[in-house]
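# Per-entry structural report
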Amino acid sequence: MEAVNMTTSSRRTFLAGLATVAATPMLTRLTHADMAGRALPVPPVMETHGAPITLDAIAGSSTFLPGLSTPTLGFSQPYLGPTLRFRRGALARVNVRNRLNTPITSHWHGLHVPAILDGGPQLQIPPERQWSVEMPIDQPAATLWYHSHVHGRTAEQVYQGLAGMIIVDDPSAPDSGLPANYGVDDLPLIIQDRAFRENGAFHYANRGPARMIGFRGDSILVNGAIRPVAAPPMGLVRLRLLNGSNARTYLLRFSDKRAFHQVASEAGLLPKPVPRTSIQLAPAERAEILVDFSDGKRVTLLSGPDHNNPMGRNMPAMMRQMLGDDPVQFPRGKPGEFEILSFEPHGKPRAAGKIPDSFPGAPRPQFGEPVRTRDLVLNMHADGRGPGMQRGGQPSAGPAGSMGINGRAFSMDRIDIAMNRGETELWTIRAAEMRHPFHVHGTSFQVLHNGGQDVAFDSTGLKDVVLVEGEARILVRCDHTSTPETPYMFHCHILEHEDAGMMGQFTVG
Ligand code: C2O
Ligand code: CU
Ligand code: CU
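Scoring rules and cut-offs
- Residues numbered from 1 in each chain as written.
- Chains lettered and ligands numbered in written order.
- Predicted model: local features only at pLDDT ≥ 70, side-chain atom pairs only at ≥ 80, totals over all residues.
- Heavy atoms only, no water.
- Donors = N, O, S within 2.8 Å, 3.2 Å for Na, K, Ca; no water.
- Helix = DSSP H or I, 4+ residues; strand = E, 2+ residues; numbered from the N terminus.
- Buried < 20%, exposed > 50% of the residue type's maximum accessible area, 1.4 Å probe, protein only.
- Core = buried A, V, L, I, M, F, W, Y, C linked by side-chain atoms within 4.5 Å.
- Contact = heavy atoms within 4.5 Å.
- Polar contact = N/O pair within 3.5 Å; in protein donor to acceptor, adjacent residues only side chain to side chain.
- Pairing = 2+ DSSP bridges.
- Axes fitted to C-alpha atoms, helices over the stretch in contact; angles between N-to-C directions.
- Salt bridge = Lys/Arg side-chain N within 4 Å of Asp/Glu carboxyl O.
- 1 Å grid on protein atoms, 1.4 Å probe; cavity = no way out; pocket = protein on both sides within 12 Å on 5 of 7 lines; lining within 4 Å.
- Points joined across faces, edges and corners; volume = space filled by probe spheres on them.
- Phe/Tyr/Trp six-rings, centres within 6.5 Å; stacked < 30°, edge-to-face > 60°.
- Lys NZ or Arg CZ within 6 Å of the ring centre and 35° of its normal.

Once that is clear, we can look at the coordination of the copper ion (ligand 3). Ideal values differ by geometry: the angle at a metal is 109.5 degrees with four tetrahedral donors, but 90 or 180 degrees with six octahedral donors. Protein-derived coordination of the copper ion (ligand 3) comes from His436 (ND1), Cys492 (SG) and His497 (ND1), at a distance range of 2.0 to 2.1 Å. The sequence motif formed by the donor residues of the copper ion (ligand 3) is H-x55-C-x4-H. Separated by 56 residues along the polypeptide, His436 in strand E26 (residues 425-440) and Cys492 in strand E30 (residues 488-492) bring together distant segments of the chain. Side by side, His436 and Cys492 carry an identical accessibility label, which is buried.

Structure representation (structure tokens):
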């Protein structure tokens, strides 16, 4: 479903915003002639074995473009951070040191820990200070991530590089039989879109239409390299896909249309591998897929364009390009698709390993009957000026240009929802105008219904982000506590929307 109920007045706001952008100098359109093709960088691993690990938030510079350096932020490296490996049943001890001159946080996205350890906006780390946490890890094996979450600054800080992957391992679970040699046949792939200025600096703007639909860049980075090349062994390879982009939703498929299997979503393994030829990944969503490279052929992972904006497919091509919505076309790309990265399998051909039939250790939904229902309306206008307000039907409660939920822009001083620990609730989330990736902290949920259709659990597994199409219904339960001082968040994971106020806070008592 594209462009749900774009009303005349929201179209007017959107077009007015476009006029603003046209007047400001836009990003440089690079030729991309010789930028791609570097070997895929693999983030180093940091494991906690009793002793704490330390992440330093630092400013540095990175080389994405030949001969140009780009000022970036990272955790213990110039851009992005190491892959953190946490083990179920163990304590993860992490020190986060802020070496920047601005506050940051470190939010463990997808980790089931009490809210005081969660790294949300209330847990700011001031410059030159350290935040130390000891986190009991108790959840199934999964691919998660971490990123800064300072209210109003999240989009910019993540864009600059304050993010990384987390892998939770579960030694108590039966062997999944999946490839597990990190960096060899088990590859982390952090997919992001960025835009560059002529001097090599990142281009970023959080205003006008870029704020309205979320910022999109015209260059695709994987683990901090532009359209790199991976050299997996010939055989079955597991790809841990993380959409670490601010706003872009990808529709991924291989250039030779080869089939693959999805084996995990945000909260861990699916009950059994799901055969697919394409997969959609909204901001903050993760998927683990198994790909057979035993034919040794070079293949490219492609994405289709992202039509997630209030005009959907009808947005004129010129505007799409102006907004970075349409990445520059590459030599091998056909109109409407662009390259993410390529694979050049190497080594000796070997028989592809067997794809497991099922995963007995996969997390199962255990929700029971909901004791309460809640309705959440995501508003693109919480300042009383836009169509979202009429739908929310509540008094305006935000500064000019703010977005909100149920008619109210985010406030650090207001608790929006009080849940009881262990109680299942049914949430109905409504999104007009465009699709919004809705995220809940501290837990995983089950999507029952989305975009007018019932959702089969086996096809999605447990999630912590759902791309709401019109209306989604989810079952949520939280087993950890969260107090008014350090509440959990729920929000749209288009980071420009989150920063504009499409976020709320909840306690778990
Ligand atoms: Cu990645 Cu509040 O989340
Ligand atoms: Cu989160
Ligand atoms: Cu949104």
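So, on to the coordination of the copper ion (ligand 2). Within the protein, His107 (NE2) and His439 (NE2) serve as the donor atoms for the copper ion (ligand 2), at 1.9 to 2.0 Å. Here His107 is found in strand E6 (residues 107-109), whereas its partner His439 is found in strand E26, with 332 residues between them in sequence. Exposure class is identical for His107 and His439. Each is buried.

Turning our eyes to something else, we now look at the nonpolar core. Counting 34 residues, the largest nonpolar core has Leu376, Trp427, Phe438, Val440, Ile474, Phe490 and Phe506 as the members making the most contacts within it. Put simply, the parts of the chain that give this core at least two residues each are helix H3 (208-213), strand E23 (372-379), strand E25 (417-419), E26, strand E27 (445-450), strand E29 (465-476), E30 and strand E31 (503-508). The element that contributes the greatest number of residues to this core is E26, accounting for 6 residues. Not counting residues within four places of it along the chain, the set of residues in contact with Ile474 comprises Glu425, Leu426, Trp427, Ile429, Phe438, Val440, Phe445, Gln446, Val447, Leu448 and Val466.

To continue, consider the environment of Asp464. With respect to the helices, strands and loops of the structure, Asp464 is situated in the loop between helix H6 (457-460) and E29. The exposure class of Asp464 is buried, given its relative accessible area of 1%. Once you skip the residues sitting within four places of it in the chain, Asp464 turns out to touch His109, Gly110, Glu266, Arg286, Phe438, His439, Val440, Thr443 and Phe445. Here Arg286 takes part through its side chain, which lies 2.8 Å from a polar atom of the side chain of Asp464.

Glancing now at the pairing of strand E17 (residues 260-265). Across a regular strand the side chains alternate sides, sitting on one face of the sheet and then on the other. With 5 of its 6 residues buried, E17 lies for the most part within the structure. Across 5 bridges, the pairing between E17 and strand E18 (residues 268-276) is antiparallel. Along E18, the bridge assignment pairs Gln262 with Val274. Linking E17 back to E18 in an antiparallel pair, the connection comprises 2 residues.

Ordered by their spatial adjacency, 4 strands build an open sheet running E3-E2-E5-E7, and the pairing between neighbours is mixed. The open sheet has two edge strands with one neighbour each: strand E3 (68-75) and strand E7 (130-136). Adjacent strand axes in the sheet meet at a mean angle of 30 degrees when their direction is disregarded. Here 7 bridges tie strand E5 (residues 91-98) to E7, and the two strands are oriented antiparallel to one another. The residue bridging Arg97 from the neighbouring strand is Gln130, located in E7.

Moving on to the pattern of salt bridges. Evaluation of the coordinates by the stated rule reveals 33 salt bridges. Between Glu128 and Arg99 there is a salt bridge whose closest N-O contact spans 3.5 Å. Taken as a pair, Glu128 in the loop between E6 and E7 and Arg99 in the loop between E5 and E6 lie far apart in primary sequence, 29 residues in all. Residues Glu471 and Arg430 are paired through a salt bridge, measuring 3.2 Å at the closest nitrogen-oxygen approach.

Further remarks concern the layout of surface pockets. Where empty space is left in the structure can be found by rolling a water-sized probe over the atoms. What the largest pocket holds in volume is close to 570 Å³. Lining the largest pocket are 25 residues, and of these Arg276, Gln280, Glu285, Thr460 and Lys463 lie nearest its centre. Those elements giving two or more residues to the lining of the largest pocket turn out to be E17, strand E19 (278-281), strand E20 (286-292), E27, strand E28 (453-454), H6 and E29. Counting residues per element, the lining of the largest pocket draws most heavily on E19, which supplies 4 residues.

A word on the environment of Leu65. Summarising the element assignment, Leu65 is placed in strand E2 (residues 53-65). Of the residues examined, Leu65 reaches a relative accessible area of 3% and is grouped as buried. Considered as a pair, Leu65 and Asn199 are 134 residues apart in the sequence and their alpha carbons are 9.8 Å apart.

With that out of the way, let us pick up the packing of aromatic side chains. Taken as a whole and assessed by the stated rule, the structure comprises 22 aromatic pairs. Ring centres 5.8 Å apart and planes at 55 degrees place the aromatic pair Phe64 and Phe196 in the tilted group. On the criterion of sequence distance, the pair formed by Phe64 in strand E2 and Phe196 in strand E10 (residues 186-196) is long-range, its members being 132 residues apart. Assigned by exposure class, Phe64 and Phe196 land together as buried. Measuring from ring centre to ring centre gives 6.2 Å for Phe438 and Phe490, while their planes differ by 45 degrees; the resulting arrangement is tilted. Here Phe438 is found in strand E26, whereas its partner Phe490 is found in strand E30, with 52 residues between them in sequence. You can call Phe490 buried: its relative accessible area is 1%. Site record: aromatic cluster; members linked through ring pairs are Phe64, Tyr79, Tyr159, Phe196, Phe202, Tyr204 and Phe215. Arg194 extends its terminal NZ or CZ atom over the ring of Tyr159, reaching a point 4.3 Å from the ring centre.

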